[in-house]
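Report on the structure
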Amino acid sequence: MQKLGGFKLPHFFNYPPYFTLQPVRETREKQVQLWKELILDYCRSQKIFVIGLEEDFPLFSNPVIERSLSHEAREVFLSALVAEGRAEWMDKSHKKCLILWLRIQAWADYILNFVKENGFEDSVMTVEDIQSGIETRGTELAGIDRCVLMRALRLLEQKGKAAIFKGTSTDDEGVKFSA
Amino acid sequence: MAANWLPPVLLTASGRPVFLPGEIERCLLSAVDLEAEENPALPTLRSGLLVLTSHRILWIDESSSSGCAIPLAAVVHVFHPKKSLRNMFASPRVRIQVSTSPDGRVGEKGTRSEMVTIVMRGKTDPDVFYGRLLEVLRSRTWEASEESEGRERGSGSGEGSARVRMPVVGVSGILRKEQEMWESTDKSLQEAFHDLNALMSKAKEMVQLAENMRQKLLLGSNAQASANDDELGSKQEIQDWLLSVGIVSLVTKESAGALYHQQLSRQLADFVKLPLEKAGGMIALIDVYCLFNRARGTELISPEDLLQACALWEKFDVPVMLRKFDSGVMVIQNKAHSDDEVFARITSLAQKPDALLMGISPSDAALTLGIAPALAKEHMLTAESKGLLCRDVSPDGFRFYINLFKEIDPSDIYSIKTTGLVGAWVSATSTSG
């Protein structure tokens, strides 16, 4: 089966009706389900957090069968993700969508777990370290979207598991984890 | 005396001949001689203007403003201007034989005859003149004028002589001729109309009869309570008989619309049987409208009539029905028509290797199923709504594929199936590369 940037695509990616928004309800529901899965899997593998509807998103076109999703179709599938809590619209005009292939809560749990496993309790890390530092290399945290990270950290803060403080500039935002 | 062998011609002040009533100029020739060949006693008239009219041959000497005429009534025979070696270089001549009185005067009903040669020294085509001469001789217009003159004189002698003779040549002459033609046509038409009037009076009777029938039927349909089987039967008979005669809408739609539509409804049901068979069990209503009206020829029905006629089928036991698709398209189909059978054929078509790869378009299905493309599309849309097919919309057009979505398991989307529809599809797509 084809690959898209290292990601192995499912066989039905070459089925032309897959790219046409189906009018019949039952068929549509199935189609939406398949697209939701695919989008999440793809974004997770490629560490994509934001999809711009008006940009060329590789997943939305298949040059082999010469088909692309219409704008309407993209909006329908992404809205389905949003309804499920797996994505969020970043603007009112639905031009950009934040993909939460891990929910914020899941991220928070992941961070906490990571801190525990690596003994970073009671230590301070900069936000940037978490995003692109050596410690997080090879984990899901590497390359995490800043907004998503901040939200997860704030969630931890609310639970009293972390404390965020500002440095002299935004780059210097730091987190102190507590057990 | 010899000089008076031809009757004289009156000339007007400007030298034009004075014409007789009804006389029309037919031909003018200049530089013409009139010779009495065989009678040297009669002087030759040289180089004059020859005027052929419907009544006479006039010869006018323009220099002396005098002229004479040969009445056509006196012409006994005309000889064809034969060309021979002898006269090839000579001026063309036409010889005529005229009757003369015993003392040599040319006139009608003479006892003797003379030969007169018309020598055409100017540039003329003798054949044209000859042809015209024959024409005027044949038409014998002078006789008609004499007749009418005689009539005129008979009806009011005083009037006749006091009447001013209007010139009747040129345009007015032509108009006069037209007038005469119209009068004779009118006469023959009048005779014909006698027969027509007889026919019309018969037709009036027919119309009256039809009107009486109509009244009876109207009364019959309005008085519902009195309708028993007998009456209804005879009413139907009358309707059928009238239909066969060609008078369909005897009963007006306003008063008894149901009867008219009932009749139409039955007619339509019978008519539509054959086209339905040919079209594979289903025809678009618009096509039936065209076919039916074309078959009727003159008494065309309106779209509303057609709709009502179809709607009435529910009340009768006919093997056809009207069906409306979601898209609004209306068709007539056999009651026995089975949608499922069509779907079975469509799905089997959609599972052929080519179709798995490329899908099928409405025209592909139309070809295979033997039905119109518009109807094929309707069937495919219906099959889609039942979950048998899926659509593929692209710049290439509108195509349908067999529905694979049903078979894909969302929790296991990456495994490659080898069985079922998906398996077939996978193998079809992989073999094509």
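Residues numbered from 1 in each chain as written. Chains lettered and ligands numbered in written order. Predicted model: local features only at pLDDT ≥ 70, side-chain atom pairs only at ≥ 80, totals over all residues. Heavy atoms only, no water.

Looking at the pattern of salt bridges
One pass over the structure, following the stated rule, counts 18 salt bridges over all chains. One salt bridge in this structure joins A:Glu55 and A:Lys96, with 3.3 Å as the shortest N-O distance. Placement of A:Glu55 in the loop between strand 3 (50-52) and strand 4 (61-62) and of A:Lys96 in strand 7 (residues 96-99) is noted, with a sequence separation of 41 residues between them. Overall, the relative accessible area of 45% leaves A:Glu55 in the partly exposed class. Among the residues examined, A:Lys96 registers a relative accessible area of 35% and is labelled partly exposed. Of the charged contacts in the structure, one is a salt bridge between B:Arg323 and B:Asp339, with a shortest N-O distance of 2.8 Å. One end of the pair, B:Arg323, is in strand 9 (residues 320-324); the other, B:Asp339, is in helix 9 (residues 339-350), and 16 residues separate them in sequence. Here the two residues B:Arg323 and B:Asp339 agree in accessibility, since each one is buried. Within the structure, one salt-bridge network assembled from shared partners comprises A:Arg146, A:Lys166 and A:Glu173. (Salt bridge = Lys/Arg side-chain N within 4 Å of Asp/Glu carboxyl O. Helix = DSSP H or I, 4+ residues; strand = E, 2+ residues; numbered from the N terminus. Buried < 20%, exposed > 50% of the residue type's maximum accessible area, 1.4 Å probe, protein only.)

A few points about the interface of chain B and chain A
Facing 24 residues of chain B, the contacting portion of chain A comprises 24 residues. For the pair chain B and chain A, the two sides together bury roughly 2200 Å², of which 66% comes from carbon and sulfur. It is B:Phe405, B:Ile413 and B:Tyr414 in chain B that bury the most area against chain A; as a group they hold 33% of the surface buried on that side. Here A:Arg67 ties to B:Asp392 by a salt bridge, and the two come within 2.8 Å at their closest N and O atoms. Of all the elements in the fold, those that place two or more residues in the side of chain B that touches chain A are helix 12 (373-385), strand 11 (389-394), strand 12 (397-402) and helix 13 (420-431) of chain B. With five residues, strand 11 of chain B is the single largest residue contributor to the side of chain B that touches chain A. When its residues are assigned to classes, the side of chain B that touches chain A shows 14 nonpolar, four polar and six charged. (Contact = heavy atoms within 4.5 Å. Buried area = accessible area lost by both parts, 1.4 Å probe. Nonpolar A, V, L, I, M, F, W, Y, C, P; charged D, E, K, R; others polar.)

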